[in-house]
Amino acid sequence: MSTPPPAELPHSIKRSRLTGAVTVHFACPACKAGINSPVDDAGNTDKCPDCGTDFRVPGMEARRAEDVRRKAKQAEQRAAEERAQQQRKEEAAWAAAARTRIAATRADRARRPRPYTAGCCVTGYIMAIAGAGLLVFGIFMSTTVSGVNNIGLLNDRIVLVIVGSVLVLSGIILRAVSALGDEVHRWGRKLMGKPRENSPTKVHEETSPTE
Ligand SMILES: [Zn+2]
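Because the structure is predicted, anything quoted here is derived from the model rather than measured.

(A) Quick peek at the overall build of the protein chain. Within the protein chain, the regular secondary structure consists of four helices and seven strands. Taken from N to C terminus, the helices and strands of the protein chain fall in the order β-β-β-β-β-α-α-β-β-α-α. Across the 211 residues in the protein chain, those meeting the buried criterion constitute 8%. Residue pairs at least 24 apart in sequence account for 48% of intrachain contacts in the protein chain once pairs closer than 6 positions are excluded.

Okay, structure coming up:
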């Protein structure tokens with residue numbers, strides 16, 4: 001048999017909508033003055049501000065309920081913080097893995113041998129542009145001197161147009177050769193599997209188990 005809890009003063013419990021603070025409302029047992037106490041004071045001895053009478057602040061049950069509610073809220077906040085921390089960790093790990101992948105891809109690309117036709121692309125463009133310049137100049141150049149047709153200038157014009165055309169065509173062909181070279185290179189890589197040349201680590205890994 002447990003002893004019954006000491007009788008409390010009649011009271012009501014209120015929770016502030018604004019701050020969430022819980023207060024106990026009761027009347028002084030001597031002078032009946034209305035008193036508001038924080039729920040955390042429930043069970044403590046206090047003095048009436050009006051008549052100075054000692055009393056025990058009521059609301060023990062509400063205080064216990066408030067303690068339980070606060071602890072649950074703290075546990076919830078801790079769990080949320082742990083979840084957020086875990087997520088940050090996972091994101092950091094993911095970013096690190098992505099950086100490693102990117103670095104590995106770059107290194108692999110740098111190791112990869114370039115096709116022999118790699119230089120054809122730029123050369124082709126330069127030739128095509130230079131040829132187009134000569135062609136345009138040849139087409140629009142004047143072949144008359146003081147209004148009279150000049151056979152020498154006409155010959156120059158013909159040469160310029162022919163050389164320009166040949167350069168433009170050659171540039172286009174070179175550019176096509178470069179594209180074809182890239183394509184052939186890709187086929188070769190696909191047929192050969194991973195590149196072995198200029199990749200000593202790979203070769204070492206492949207040969208070491210047989211030693
Ligand atoms: Zn009082």
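Back to the write-up after that little detour.
(B) Layout of the sheet that holds strand E1 (residues 11-15). The antiparallel open sheet is built from three strands, whose spatial order is E1-E2-E3. One side of each edge strand has no neighbouring strand; the edge strands of this open sheet are E1 and strand E3 (34-38). Averaged over neighbouring strand pairs, the angle between their axes works out to 25° when direction is ignored. As paired strands, E1 and strand E2 (residues 22-27) are joined by five bridges and run antiparallel to one another. In the sheet register, Ile 13 faces E2, and the bridge partner there is Val 24.

(C) Looking closely at the pairing of E3. Sheet analysis places E2 next to E3, joined by five bridges and oriented antiparallel. For His 25, the partnering residue across the bridge sits in E3 and is Asn 36. Taking the residues that link successive antiparallel strands as the turn, the E2-E3 hairpin has six residues, and the phi of Lys 32 there is positive, at about 65°.

(D) Expanded view of the environment of Asn 155. Looking at the secondary structure, you find Asn 155 in helix H3 (residues 151-192). Its 11 C-beta neighbours within 10 Å are what place Asn 155 among the exposed residues. For the pair Asn 155 and Thr 143, spaced 12 residues apart in sequence, the C-alpha separation works out to 8.9 Å.

(E) Region of the structure containing H3. Between the first and last C-alpha of H3 there are 60 Å, a value that for 42 residues agrees with the 62 Å anticipated at 1.5 Å per step. Within H3, the full set of buried residues consists of Gly 164, Leu 167, Gly 171, Leu 174 and Ser 178. Of the surrounding elements, those touching the buried residues of H3 are helix H2 (120-140). A positive backbone phi angle near 80° is found at Gly 193, which sits one or two residues after H3.

Definitions and cut-offs
Residues numbered from 1 in each chain as written. Predicted model: local features only at pLDDT ≥ 70, side-chain atom pairs only at ≥ 80, totals over all residues. Helix = DSSP H or I, 4+ residues; strand = E, 2+ residues; numbered from the N terminus. Buried ≥ 20, exposed ≤ 12 C-beta atoms within 10 Å, placed from the backbone. Contact = placed C-beta atoms within 7 Å. Pairing = 2+ DSSP bridges. Axes fitted to C-alpha atoms, helices over the stretch in contact; angles between N-to-C directions. Expected span 1.5 Å × (residues − 1).

Geometric values such as these leave the question of function open.
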